[in-house]
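Commentary on secondary and tertiary structure
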Amino acid sequence: MSLLVVRDLGKSFGGLTAVDEVSFSIRPGELLALIGPNGAGKTTTFNMINGQLRADRGSAQLSGHELLGLAPRDIWRLGVGRTFQIAETFGSFTALENVQMALLSHQRRLFSFLKPARAFAQARAQELLEQVGMAQQGERACSELAYGDVKRVELAMALANEPKLLLMDEPTAGMAPEERHALMALTKRLVLEQNIAVLFTEHSMDVVFAFADRVIVLARGRLIAQGTPAEVRANRQVQEVYFGTGATFHADWGGGQ
Ligand SMILES: Nc1ncnc2c1ncn2[C@@H]1O[C@H](COP(=O)(O)OP(=O)(O)OP(=O)(O)O)[C@@H](O)[C@H]1O
């Protein structure tokens with residue numbers, strides 16, 4: 001049973017069709033990678049689903065609820081979460097405080113200083129930090145943490161919203177290969193345990209081939225292939241689209257799984 005069903009999604013900017021009749025679906029517990037060369041329409045697709053960008057055509061239904069046309073906050077409340085980067089201004093806050101803020105915001109009690117809300121958030125924040133393997137570092141300022149650990153805190157913050165669907169835009173950008181794999185292995189374990197569906201974009205093909213359950217491929221706004229990582233890797237049209245565009249794709253071509 002699909003959680004998110006996207007049908008004939010479309011968006012144009014002036015004369016440019018950025019996303020053209022794109023259809024796909026995701027099941028709970030599934031990691032679906034959205035890949036494609038630069039300018040393929042990945043970010044535009046993401047932003048239509050999370051409400052930041054108005055779609056021109058199509059539909060995106062979460063358990064039968066139409067998302068298109070809703071404000072980002074209402075989409076978030078329906079259970080569509082996203083990883084967001086800890087802004088520099090919050091770097092001075094501890095890991096625990098950052099997760100607490102995400103929790104209080106989820107409960108619509110942001111900056112509530114009522115004792116019960118604070119106590120609840122503190123206990124739950126600690127639990128979330130444990131889930132991402134950061135229980136011992138809760139009192140450290142995020143600005144002092146290693147990059148991979150900041151990413152773990154950001155994952156805990158995304159989970160605070162108890163999402164049904166998690167949108168991750170290049171979750172491993174800027175990370176070293178071992179760090180990338182550790183973060184994605186953790187993400188995979190948590191989403192399976194919590195039955196969350198994940199849609200992620202990723203330029204690193206080794207991550208895609210190692211962790212995605214299924215892959216959809218966009219090129220110039222159109223969905224040109226979908227299937228298992230092995231099917232997509234063997235797809236001639238996909239190989240043609242990527243040829244000469246990304247050294248990463250070719251370098252890591254055989255390195256996944
Ligand atoms: N606000 C905008 N106004 C005009 N054109 C836009 C706008 N946003 C995106 N585009 C164009 O739409 C197309 C798809 O862009 P998009 O950012 O969705 O691609 P992408 O697959 O996410 O690329 P990348 O991998 O480089 O991030 C591109 O040609 C881009 O230039």
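This one's a predicted model, so the numbers in the text were calculated from it and none came from an experiment. (Residues numbered from 1 in each chain as written. Predicted model: local features only at pLDDT ≥ 70, side-chain atom pairs only at ≥ 80, totals over all residues.)

1. Describing the site of the ligand
Heads up, the condition is: For each residue, a C-beta atom is placed from the backbone, and the residue counts as near a molecule or strand when that atom lies within 6 Å of it. A helix here means a DSSP run of H or I that spans at least four residues, while a strand means a run of E at least two residues long, and both kinds are numbered starting from the N terminus.
Around the ligand, the neighbouring residues are Phe13, Leu16, Ala18, Gly36, Asn38, Gly39, Ala40, Gly41, Lys42, Thr43 and Thr44. Elements supplying a minimum of two residues to the shell around the ligand: strand 2 (16-26) and helix 1 (42-49). Considering each element in turn, the shell around the ligand owes the most residues, three residues, to helix 1.

2. Focus: the sheet that holds strand 2
Rules: At least two bridges found by DSSP between two strands is the condition for calling them paired.
Reading across from one edge, 2-1-4-5 is the order of the four strands in this open sheet, with antiparallel pairing throughout. What marks the edges here is a single partner per strand, and that holds for strand 2 and strand 5 (65-66). With five bridges connecting them, strand 1 (residues 4-13) and strand 4 (residues 57-62) associate as antiparallel partners. Paired with leucine 4 across the bridge in strand 4 is leucine 62.

3. Concerning helix 1
Counted only if it meets this: Exposed residues have 12 or fewer other C-beta atoms within 10 Å of their own C-beta, buried residues have 20 or more, and residues in between are partly exposed; the C-beta atoms are placed from the backbone. The directions considered for the arc are those from the helix axis to the C-beta atoms.
Those residues of helix 1 that fall on the buried side of the exposure criterion are Lys42, Thr44, Thr45, Met48 and Ile49. Around the axis of helix 1, the buried residues are gathered within 165° of arc, so they sit on the same side.

4. Comments concerning the pairing of strand 7 (residues 165-169)
Applied cut-off: Orient the strands so they point away from the viewer; a crossover is then right-handed if the path from the first strand over the helix to the second runs clockwise.
Extensive coverage of strand 7 is indicated by the burial of four of its five residues. Here three bridges tie strand 6 (residues 80-82) to strand 7, and the two strands are oriented parallel to one another. For valine 80, the partnering residue across the bridge sits in strand 7 and is leucine 165. Bridging between strand 7 and strand 8 (residues 197-201) involves five bridges; their strand directions are parallel. Across the sheet, the residue bridging to methionine 168 is phenylalanine 200, located in strand 8. On the question of chirality, the crossover connecting strand 7 to the parallel strand 8 by way of helix 6 (residues 177-194) is right-handed.

5. Concerning the sheet that holds strand 8
Inclusion rule: Orientation is described by axes fitted as lines to C-alpha atoms, over the contacting stretch for helices, and by angles from 0 to 180 degrees between their N-to-C directions.
Sheet architecture is open: six strands sit in the order 6-7-8-3-9-10, paired in mixed fashion. Since the sheet does not close on itself, it has two edges, and those belong to strand 6 and strand 10 (222-227), each with one partner. The mean inter-strand angle of the sheet, taken between neighbouring strand axes irrespective of direction, is 20°.

6. Re the confidence of the model for the protein chain
Applied cut-off: The predictor rates its confidence in each residue with pLDDT, a number between 0 and 100. Two residues qualify as being in contact provided that their C-beta atoms, derived from the backbone, are within 7 Å of each other.
The pLDDT averaged across the protein chain works out to 88; a share of 88% of its residues lies at or above 70. Low confidence marks residues 246-257, where pLDDT is under 50. Its contacts with residues over four positions away, or in another chain, come to 20 contacts. Among the prediction metrics, the complex's ipTM stands at 0.98, with pTM recorded as 0.88.

7. Thoughts on the nonpolar core
Rules: For this entry, the nonpolar core is defined as buried Ala, Val, Leu, Ile, Met, Phe, Trp, Tyr and Cys residues connected by C-beta atoms within 7 Å.
Residues Val99, Ala156, Leu165, Val198 and Val217 are the most contacted members of the largest nonpolar core, which totals 72 residues. Of the residues forming this core, the biggest block, seven residues, is contributed by helix 5 (residues 147-160). Setting aside anything within four residues of it in sequence, one finds leucine 165 in contact with Leu3, Leu4, Ile26, Leu62, Gly79, Val80, Ala197 and Leu199.

8. A look at the domain arrangement of the protein chain
We apply this condition: Each domain span listed reflects an automatic or database assignment of domains.
What the domain assignment reports for the protein chain is domain 1 (1-29 + 40-79 + 169-177 + 215-224) and domain 2 (82-163). Centre-to-centre, using C-alpha coordinates, domain 1 lies 27 Å away from domain 2. Taken residue by residue, the interface counts six residues in domain 1 and seven residues in domain 2.

9. Details of the environment of lysine 188
Looking at the element boundaries, lysine 188 is found in helix 6. In this structure lysine 188 comes out as partly exposed when scored by C-beta crowding, with 17 C-beta atoms within 10 Å. For the pair lysine 188 and isoleucine 49, spaced 139 residues apart in sequence, the C-alpha to C-alpha distance is 21 Å.

10. Some details on unusual backbone geometry
Note on backbone geometry: most residues besides glycine have negative phi, and most peptide bonds are trans. Phi is positive for glutamate 21, which is not a glycine, with a value near 50°. Mapped onto the elements of the fold, glutamate 21 is located in strand 2. Residue classification places glutamate 21 among the partly exposed positions, given that 14 C-beta atoms sit within 10 Å.

11. With respect to the pairing of strand 3 (residues 31-35)
Among the five residues of strand 3, five are classified as buried, and the element is accordingly described as predominantly covered. Pairing of strand 3 with strand 8 involves four bridges; the strand directions are parallel. Paired with leucine 32 across the strands is leucine 199, a residue of strand 8. Sheet analysis places strand 3 next to strand 9 (residues 214-219), joined by four bridges and oriented parallel.

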